[in-house]
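# Report on the structure
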Amino acid sequence: MDELLAGETAPLSPAEEPMDDTGEPAPAEFLPPTDGEPGFGEPLADLPRMQPTRQEWAAAVLSCRKLPGQRLERLVLALVGTLALLAGGYGAALNFFRDTTTAQPFVLLAVGLVLWAEALLGLRISAALWNDLCRRPACTLYKDTVLQEDGTQLPLVELALVQRYRGCTVLVWNRRHLPLALVVPNAACTQSADALQRHLHQLVPAVCRFGTARTPRLHRPAKAAGLAVVGVALFAFALAPALGVAGTISPTGTVLMLSRDPETGTVTDLHSGQTFPYPVVGRMKKQWLTGDCCAVTYQTTDGSTHVYLATYGDRGSGYSYYYVAPLLTGTWRQYEDALNPGITLRCPSASPDIQVLSPSAGSDYSQIYSQTVQFGTLGVALCDDEGLPHWTVVLGRDYDASDGVDPYGSLIICPVSMEPTEAVTLHYYSEEDQERDFREAMGLPSVEEEEKLQELETTPPTFSEEQDYTVREDGVYFTWDGGATYSKALGRGEGVETSADMDPCVMTDTMAAFLTVSDFSSGQSVTLHLTRDKGKNWQTISLVDFTDVHPIDYLGMDFLDDSFGWFAASTGWSMGTGMLAGFYTTHDGGLTWEDQLLPGKVGNTDGFTGMVFCNENVGAATTHSPNESDWPRLFLTPDGGRSWQEPILPWDNLSDDELSALIAQGVYAPGRVTGITDLGDDHWEVTLAQGANEQQEIVLSADSFDGPWTLKEVREVS
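Residues numbered from 1 in each chain as written. Predicted model: local features only at pLDDT ≥ 70, side-chain atom pairs only at ≥ 80, totals over all residues. Heavy atoms only, no water.

This part is about the overall build of the chain. Broken down by element type, the chain carries ten helices and 41 strands. A compact globule built from 718 residues should have a C-alpha radius of gyration of about 27 Å, whereas the chain, at 50 Å, is more than 25% larger. With the C-alpha coordinates of the chain rotated into their principal frame, the extents come out at 145 × 85 × 40 Å. Across the 718 residues of the chain, 46% fall into the buried class. A sequence separation of at least 24 residues applies to 49% of the contacts in the chain between residues at least 6 apart. A total accessible area of about 36,000 Å² is found for the chain, and carbon and sulfur atoms account for 53% of it. If the 44 positive side-chain charges of the chain are averaged to one point and the 96 negative ones to another, these points end up 21 Å apart. (Helix = DSSP H or I, 4+ residues; strand = E, 2+ residues; numbered from the N terminus. Rg over C-alpha atoms; globule rule 2.2 N^0.38 Å. Buried < 20%, exposed > 50% of the residue type's maximum accessible area, 1.4 Å probe, protein only. Contact = heavy atoms within 4.5 Å. Areas by Shrake-Rupley, 256 points an atom, 1.4 Å probe, with all protein chains shown as cover. Lys, Arg positive; Asp, Glu negative; His and termini not counted. Charge placed at Lys NZ, Arg CZ, Asp CG, Glu CD.)

As structure tokens, this is what we get:
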């Protein structure tokens, strides 16, 4: 930077055209011979002791500042100075926006400016070099050294930099604290400046820099003026709060500037020119509610809290004034949840009162405000009977006030307090929304659903068979005569939503039974819905409660006649909680149930996958364990579930080759038991479903109930 300000050009090589003492190219006849240079011991320049000129001083300063160490020092000073200015500016901004005054920003700004002044102007090295040049003794420049009159020698081979300017050459040596500079005017050279140039280039070529034809200048006034402007601006910004000026900037770039009279406490909005109605004591809290509306909360001389809304926008056409309070008509709430609506604002159309319901306001959960103070055309303050504001309400940026109340816009509401507060967005809550939420809270159907249910009540259900049931949105219906008459077993929302919820369901000539599963706080319960008189009367019988975190994953039930039936259920399994299961039989048509023995490890690690009975004594069940093979386990009972036995199946205890041979016969994925048949003479068949869609059956047979059981066939299910 200094080289450019000083007017330097790129260094020239020693072979470039030399200049005479006036800075112009020297004629060839006046140039000394290149091979006839002074010998060792002959002086190259004679420097008497004399007062340095300003030009020589500038040349010495600029040359010394080119040293790598000086460049690094300037860079570090500039970096640290920048950090100090940034920290000071940040502190000044905090003072400005928080309306406070602290000393730290001033200290940091002063340090930053001093460091930048040293980095730009080099005051320390300039003063030291001026002092050295003024005290420099007379000296003589020889071929290899500079001999001072006090006998001190400065070897030329130790030069750190050689820089030539118009009218002089500067020799610079590195020293521990400050560099040493020797300015050799062209007039002091015994031969010529070009001869000195050639000699130095041969002696120390790495540090020679020649070629500038301009007079060295420091350009300090311009740098100092620029630094002074920056300093004045920063200190003025830092002093603004102490002078009564405070402000803030919105996220959208809107600037609020306030001016306070230190003596009277009167505050004026510099944008609108409006004055606060009460004098301000202490700090002001500034909070942007929207990008164009800022709430300024303050306390006055009697300790009461007030608010001023600085507005910069409009929600209408922009050509007319309108009142904000009528635009609040209706119900506005924070959340859509009917049970937890959050802050709610209600403004009846026939009343000037505005009601605010706030769950976090303690005793003021519901407060009615009859006084409002409008600011601009964007917001109002809701005041109590004493005129003290409690809430500020602002029209949202999406609110269109051109045609009155905008149900698609939003309101911003915020409590008035000197403590930190949160602005909340409210949305319009129509009468239709209120009706919908009320119905949801009370468990009632929506208006549309209710209309559809009313239509269904006048429409008889349809059935596909003589004995059949159907599930509609308004409930579950049964018939025993093809739909000529029908019985409603359950209403809407009582545990059955689709036909899949009716599995299992049993119907005989006079009875019907089905199960529903309902959740409670710690598990699930199973309820039997039963009729024994073709739907004239329905009974609900609680069968079992599973207090387990896992849902029921098997549910089975059947009635072989109007007296005997069975019911089985099991939950999922996990390492931590295991599982729960139950198996029950009835001999009185489902009125009472007897708890029976669970087969194998059911209820511990195994769960039911299927169960069938061929009479009230003989039955079969399949189980599956998540910890064992995918092949099912089969259990048989000869006494209605009081005891169980596990026969050996064709896939039990087989080697890999034998199992492969069995799979080749079509047995690859046996599943739940689907039937057990008494063929007579103690011959039995058991069928197991196979395949993801149970499109096949595996038939096992035995000549005795105790086995052995063999594979009879694998057949398709029609």
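Attention now moves to the pattern of salt bridges. Enumeration according to the criterion identifies eleven salt bridges in this entry. For the salt bridge of aspartate 194 with arginine 164, the shortest nitrogen-to-oxygen distance reads 3.1 Å. Highlighted residues: aspartate 194 in helix α6 (residues 193-203) and arginine 164 in strand β5 (residues 159-165), separated in sequence by 30 residues. Among the salt bridges present, the one from arginine 672 reaches glutamate 694, with a minimum N-O distance of 2.9 Å. (Salt bridge = Lys/Arg side-chain N within 4 Å of Asp/Glu carboxyl O.)

Okay, the sheet that holds strand β37 (residues 633-637) next. On the basis of which strands lie adjacent, the open sheet formed by three strands has the order β35-β36-β37 and antiparallel pairing. Edge positions in the open sheet fall to β35 (607-613) and β37, since each of these has one partner strand only. Ignoring strand direction, the axes of neighbouring strands in this sheet form an average angle of 20°. The pairing of strand β36 (residues 619-624) with β37 spans five bridges and is classified as antiparallel. By the bridge assignment for β37, glycine 619 is matched with threonine 637. (Pairing = 2+ DSSP bridges. Axes fitted to C-alpha atoms, helices over the stretch in contact; angles between N-to-C directions.)

So, about the sheet that holds strand β12 (residues 281-290). Taking strand neighbours across the sheet as the criterion, the three strands line up as β12-β13-β14 in an open arrangement whose pairing is antiparallel. The open sheet terminates on both sides in strands that have one partner only, identified here as β12 and β14 (305-311). Taken over all neighbouring pairs, the strand axes of this sheet differ in orientation by 25° on average, direction set aside. Strand direction decides the pairing type here: β12 and strand β13 (residues 293-299), joined by six bridges, are antiparallel. Following the sheet pairing, valine 281 is matched in β13 by glutamine 299.

So, about the nonpolar core. Ranked by internal contacts, the top residues of the largest apolar core, which has 26 residues, are Phe276, Met284 and Val296. Secondary-structure elements contributing two or more residues to this core are β10 (255-260), β12, β13, β14, β20 (379-383) and β22 (410-415). If you look at the next biggest cluster of nonpolar residues, it comprises 22 residues, including Leu345, Cys347, Val393 and Leu426. (Core = buried A, V, L, I, M, F, W, Y, C linked by side-chain atoms within 4.5 Å.)

The subject of this paragraph is unusual backbone geometry. Cis rather than trans, the peptide bond between aspartate 503 and proline 504 has omega equal to 10°. Tracing the chain through its elements places proline 504 in the loop between β26 (487-491) and β27 (505-507). Note that the residue after glycine 707, namely proline 708, is joined by a cis bond; omega there is 5°. By the secondary structure assignment, proline 708 is in the loop between β40 (696-702) and β41 (710-716). Although it is not a glycine, lysine 534 sits at a positive phi angle of roughly 60°. Here lysine 534 is to be found in the loop between β29 (523-531) and β30 (539-546). We note that glutamate 694 has phi near 55°; this positive angle belongs to a residue other than glycine. Checked against the element boundaries, glutamate 694 lands in the loop between β39 (683-690) and β40. For glutamate 694, a relative accessible area of 31% puts it in the partly exposed group.

Let us now look at the side chain of glutamate 118. Structurally, glutamate 118 is set in helix α4 (residues 104-121). For the buried glutamate 118, no salt bridge is present, and the opposite-charge side chain at shortest range is arginine 124, 4.2 Å distant. In this view, glutamate 118 contacts Arg65, Leu77, Leu123, Arg124 and Ile125; residues no more than four positions away in its chain are not counted.

When pLDDT is averaged along the chain, the result is 84, and 91% of the positions lie at 70 or above. Per-element confidence in the chain ranges from a low mean pLDDT of 38 for helix α1 (residues 2-5) to a high of 95 for strand β21 (residues 389-395). Low confidence marks residues 1-40, where pLDDT is under 50. Its contacts with residues over four positions away, or in another chain, come to 71 contacts. (pLDDT = per-residue confidence, 0-100.)

Applying the stated rule across the entire model yields 21 aromatic pairs. With a centroid separation of 6.2 Å and 40° between ring planes, the pair formed by tryptophan 288 and tyrosine 312 is classed as tilted. Remark: tyrosine 312 occurs in the loop between β14 and β15 (330-333) and tryptophan 288 occurs in strand β12; sequence separation between them is 24 residues. Judged by relative accessible area, which is 15%, tryptophan 288 ranks as buried. These aromatic residues form a ring-pair network of at least three members: Tyr469, Phe478, Trp480, Phe514 and Trp538. The cationic tip of arginine 333 hangs over the ring face of tyrosine 429; the distance from NZ or CZ to the ring centre is 3.5 Å. (Phe/Tyr/Trp six-rings, centres within 6.5 Å; stacked < 30°, edge-to-face > 60°. Lys NZ or Arg CZ within 6 Å of the ring centre and 35° of its normal.)

Moving on, we get to the pairing of strand β3 (residues 145-148). Sheet topology places strand β2 (residues 139-141) next to β3; three bridges connect them, and they run antiparallel. Counterpart to threonine 140 in the pairing with β3 is leucine 147. The loop that links β2 with its antiparallel partner β3 comprises three residues. Linking β3 to strand β4 (residues 153-155), which pair antiparallel, is a turn of four residues; within it glycine 151 sits at a positive phi near 90°.

Below, the discussion takes up the packing of helix α2 (residues 54-64) against helix α5 (residues 123-135). Between α2 and α5, whose axes approach to 10 Å, the crossing angle comes to 130°. By the angle between their axes, α2 is oblique relative to α5. As α2 packs across α5, the resulting crossing turns out to be right-handed. Here α2 contributes Glu56, Trp57, Ala60, Val61 and Cys64 to the contact with α5, which in turn contributes Ile125, Ser126, Leu129, Trp130 and Leu133. In terms of residue class, the contact of α2 with α5 is made up of eight nonpolar, one polar and one charged. (Parallel < 35°, antiparallel > 145°, perpendicular 65-115°, else oblique. Left-handed = near helix turned anticlockwise from the far one by under 90°. Nonpolar A, V, L, I, M, F, W, Y, C, P; charged D, E, K, R; others polar.)

A surface patch of like charges, here negative, comprises Asp678, Asp681, Asp682, Asp703 and Asp706. For aspartate 682, a relative accessible area of 36% gives the class partly exposed. (Patch = residues over 30% accessible without salt bridge, like charges linked within 9 Å, V, L, I, M, F, W, Y side chains within 5 Å.)

Turning next to the packing of α4 against helix α7 (residues 220-239). Running from N to C, α4 and α7 cross one another at 170°; their axes reach a closest spacing of 11 Å. On the basis of their axis angle, the class for α4 and α7 is roughly antiparallel. Between α4 and α7, the residues in contact are Phe106, Leu109, Ala110, Leu113, Trp116, Ala117, Leu120 and Leu121 and Arg220, Lys223, Ala224, Leu227, Gly231, Leu234, Phe235, Ala238 and Leu239, respectively.

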